[in-house]
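Coordinates in review
Now for the letters of each chain:
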Amino acid sequence: MAASTPDTAPAAPRVKRDRTHYLYIAVIVAVALGIGVGLIWPDAAVELKPLGTGFVNLIKMMISPIIFCTIVLGIGSVRKAAKVGAVGGIALGYFLVMSLVALAIGLVVGNVLHPGDGLHITNALKATGHDQVSPDALPPVDFVLSIIPTTFVSAFTEGQVLQTLLVALLAGFALQAMGSAGQPVLRGIEHIQRLVFRILSMVMWAAPIGAFGAIAAVVGSAGVDALKSLAVLMLGFYVTCFLFVFVVLGALLRVVAGLNVFSLCKYLAREFLLILSTSSSESALPRLIAKMEHLGVSRPVVGITVPTGYSFNLDGTMIYMTMASLYIADALGTPMSVGEQIPLLLFLLLASKGAAGVSGAGLATLAGGLQSHKPALVDGVGLIVGIDRFMSEARALTNFAGNAVATVLVGTWTKEIDTVRVRRVLAGELPFDETTLLDEGGAGVREVAEPREDGEKELAKA
């Protein structure tokens, strides 16, 4: 019996293996230090901005290969192309409906709060507003054409998510048509995916440095005094986003999938922290793909819904543009009637799709949309430049939550989700591997039942 006691020891290394919780504790400490530096030495803090920019760029570097591998592996392993088309159609229809819902909620809150009443705008602020009009935001037709990359390889080098999505879809369908001849290619891409995720896990250790630089620069440039006059808008926007996620999306998730939105948010807590510290939802895109697959949603659904949602399912951006437009109109002393508000917001709904992937897309899209539809309001964009970075955090968090919920809902509607596994993962019985960001090994942990039309079950192993 004495000899059997040491045999129970291997359980200890499993707890010790996951050291990433120290990483996210370090991120929290870095954020606190960044706020302190921004308040005490604002001029020096502004110079730290490249630290945050560099970290976000490192993450963006990994997005294209991760999306390509995920989609190709997902589509290549599906027998019927119609299933992929059904997933995409359902996802796009859901994105459109939720964008309209988010616009409507922002419209109601903006008309109730009237946060811009009584403000005065200077000529300097007017000039600042016009500076935000970005030439990168494309009209709808040019936006559609921009999805087609110049070359097959440029889709990976230009950092355009939708271009990568198009190339991956074509490659996935081609491998699907090749049948058994394409299996060696799929196995090769699977090995590349493991490599890419391992690189990403290494890059994540730079998160505290990036968070420190990003937060310090924001606090140092905006300061406390600059935020006081805009507290109503910020508070209203944050409360609206909170209610949208936990009431609207939460109710939808409960009714459709029978899941608790708080449990899903707890599962994605580290990703929310990463977004909060970098103000970029793209920084968590690769991890969202990995975690949704681990949760039990099939690869085709994850591979199509998540990347597409990052361009078309921008719930937080919709709420932001609605409230910001009403705020600016009130601040300029030219409040809009409901009849004027609705056409403007529908125009901004389309314009936001044309600015997908544009750096600072929220503010750039708002300014560009106002310039095209109601030029007089561009003068007031300068009013929110100072707090845009703080509002971009709520935008990014809401967009991320919306895409996570959308992935679960689309998986449920298409019956491409392992509900038993979902509940086990959310209960903590199947922890996510933070080291590789993938479920590896022969234990069969990452097995998702993929239903066929004939009612049989095919196990699609990662």
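Here the structure is a predicted model, which is why all the values come from computation and not from measurement. (Residues numbered from 1 in each chain as written. Predicted model: local features only at pLDDT ≥ 70, side-chain atom pairs only at ≥ 80, totals over all residues. Heavy atoms only, no water.)

1. Some words on the overall build of the protein chain
- Summing up its helical and strand segments, the protein chain has 23 helices and 2 strands in all.
- Relative to its 462 residues, the protein chain shows a buried fraction of 51%.
- Here the analysis covers contacts within the protein chain between residues at least 6 apart in sequence; of these, 82% occur between residues at least 24 apart.
- When the accessible surface of the protein chain is totalled, it reaches about 20100 Å², and 67% of it is carbon and sulfur. (Helix = DSSP H or I, 4+ residues; strand = E, 2+ residues; numbered from the N terminus. Buried < 20%, exposed > 50% of the residue type's maximum accessible area, 1.4 Å probe, protein only. Contact = heavy atoms within 4.5 Å. Areas by Shrake-Rupley, 256 points an atom, 1.4 Å probe, with all protein chains shown as cover.)

2. Focus: unusual backbone geometry
- At Lys415, a residue that is not glycine, the phi angle is positive and equals roughly 55 degrees.
- Residue Lys415 is classed as exposed on the basis of its relative accessible area of 61%.

3. Here's the deal with the nonpolar core
- Ranked by size, the top nonpolar core spans 111 residues in total, and within it Leu253, Leu264, Leu268, Met292 and Val408 carry the most contacts.
- Apart from residues lying up to four places away in sequence, Leu253 is in contact with Gly258, Leu259, Asn260, Val261, Leu264, Val405, Val408 and Leu409. (Core = buried A, V, L, I, M, F, W, Y, C linked by side-chain atoms within 4.5 Å.)

4. Quick notes on the pattern of salt bridges
- One pass over the structure, following the stated rule, counts 5 salt bridges.
- We note a salt bridge from Arg194 to Glu190, for which the minimum N-O separation is 3.3 Å. Residue Arg194 and its partner Glu190 are located together in helix 10 (residues 183-203), separated by 4 residues, close to a single helical turn.
- On the basis of relative accessibility, which here comes to 18%, the residue Glu190 falls in the buried class.
- Put simply, Glu293 and Arg299 hold a salt bridge, and the shortest N to O gap is 3.3 Å. For the pair formed by Glu293 and Arg299, the shared burial category is buried.
- What you see here is one network of salt bridges that share partners, running through Glu271, Arg287 and Lys291. (Salt bridge = Lys/Arg side-chain N within 4 Å of Asp/Glu carboxyl O.)

5. Focus: the packing of helix 4 (residues 49-76) against helix 10
- Look at helix 4 against helix 10: their axes get within 9 Å of each other, and the N-to-C directions meet at 155 degrees. In terms of axis orientation, helix 4 runs roughly antiparallel to helix 10. Of the two elements, helix 4 crosses helix 10, and the hand of that crossing is left-handed. Residues Phe55, Leu58, Ile59, Met62, Pro65, Ile66, Phe68, Cys69, Thr70, Val72, Leu73 and Gly76 of helix 4 lie in contact with helix 10, whose contacting residues are Leu186, Ile189, Glu190, Ile192, Gln193, Val196, Phe197, Ile199, Leu200 and Val203.
- Residues of the contact of helix 4 with helix 10, tallied by class, amount to 18 nonpolar, 3 polar and 1 charged. (Axes fitted to C-alpha atoms, helices over the stretch in contact; angles between N-to-C directions. Parallel < 35°, antiparallel > 145°, perpendicular 65-115°, else oblique. Left-handed = near helix turned anticlockwise from the far one by under 90°. Nonpolar A, V, L, I, M, F, W, Y, C, P; charged D, E, K, R; others polar.)

6. Some words on helix 18 (residues 315-331)
- For helix 18, spanning 17 residues, the distance from its first C-alpha to its last is 24 Å, which sits close to the expected 24 Å at 1.5 Å a residue.
- For helix 18, a buried count of 17 out of 17 residues is recorded, marking the element as mostly surrounded by other parts of the structure.
- At the C-terminal side of helix 18, Gly333 shows a positive phi close to 75 degrees. (Expected span 1.5 Å × (residues − 1).)

7. Description of the packing of aromatic side chains
- One pass over the structure, following the stated rule, counts 7 aromatic pairs.
- Summarising the aromatic geometry, the rings of Phe242 and Phe246 are spaced 4.6 Å apart at their centres and angled 45 degrees between planes, so their arrangement reads as tilted. Here the residue Phe242 and the residue Phe246 both occupy positions in helix 13 (residues 231-257), the gap between them amounting to 4 residues, near one helical turn.
- Their ring planes at 20 degrees and their centres at 4.8 Å tell us that Phe246 and Phe262 sit as a pair that is stacked. (Phe/Tyr/Trp six-rings, centres within 6.5 Å; stacked < 30°, edge-to-face > 60°.)

8. Re helix 17 (residues 299-312)
- Compared with the 20 Å implied by 1.5 Å per residue over 14 residues, the 19 Å span of helix 17 between its first and last C-alpha is a close match.
- Most of helix 17 sits out of view: 13 of its 14 residues are buried.

9. Considerations on the confidence of the model for the protein chain
- Taken as a whole, the protein chain shows an average pLDDT of 74; of its residues, 71% reach a score of 70 or greater.
- Confidence drops under a pLDDT of 50 for residues 1-16, and excluding neighbours within four residues, the segment shows 1 contact in the predicted structure.
- Of the regions scoring below 50 in pLDDT, residues 120-135 engages in 30 contacts with residues more than four places distant in sequence or in other chains. (pLDDT = per-residue confidence, 0-100.)

10. Observations concerning the environment of Met61
- Along the polypeptide, Met61 turns up in helix 4.
- For the pair Met61 and Thr157, spaced 96 residues apart in the sequence, the C-alpha separation amounts to 8.9 Å.

11. Considering a nonpolar patch on the surface
- A contiguous nonpolar surface patch, about 420 Å² in accessible area, is contributed by Leu96, Leu100, Val338, Ile342 and Leu346.
- Tallying contributions element by element places helix 19 (residues 338-354) first for the nonpolar patch, with 3 residues.
- Secondary-structure assignment places Val338 in helix 19. (Patch = residues over 30% accessible without salt bridge, like charges linked within 9 Å, V, L, I, M, F, W, Y side chains within 5 Å.)

12. Topic: the environment of Leu200
- With respect to the helices and strands, the residue Leu200 is situated in helix 10.
- Among the residues examined, Leu200 registers a relative accessible area of 0% and is labelled buried.
- Separated by 142 residues in sequence, Leu200 and Leu58 have C-alpha atoms that sit 8.7 Å apart.

13. Topic: the packing of helix 4 against helix 16 (residues 285-295)
- Put simply, helix 4 and helix 16 touch, their axes get as near as 8 Å, and they point 35 degrees apart. Contacts between helix 4 and helix 16 involve Ile59, Ile63, Ile66, Ile67 and Thr70 from the former and Leu285, Pro286, Ile289 and Glu293 from the latter.
- Residue composition of the contact of helix 4 with helix 16, grouped by class: 7 nonpolar, 1 polar and 1 charged.

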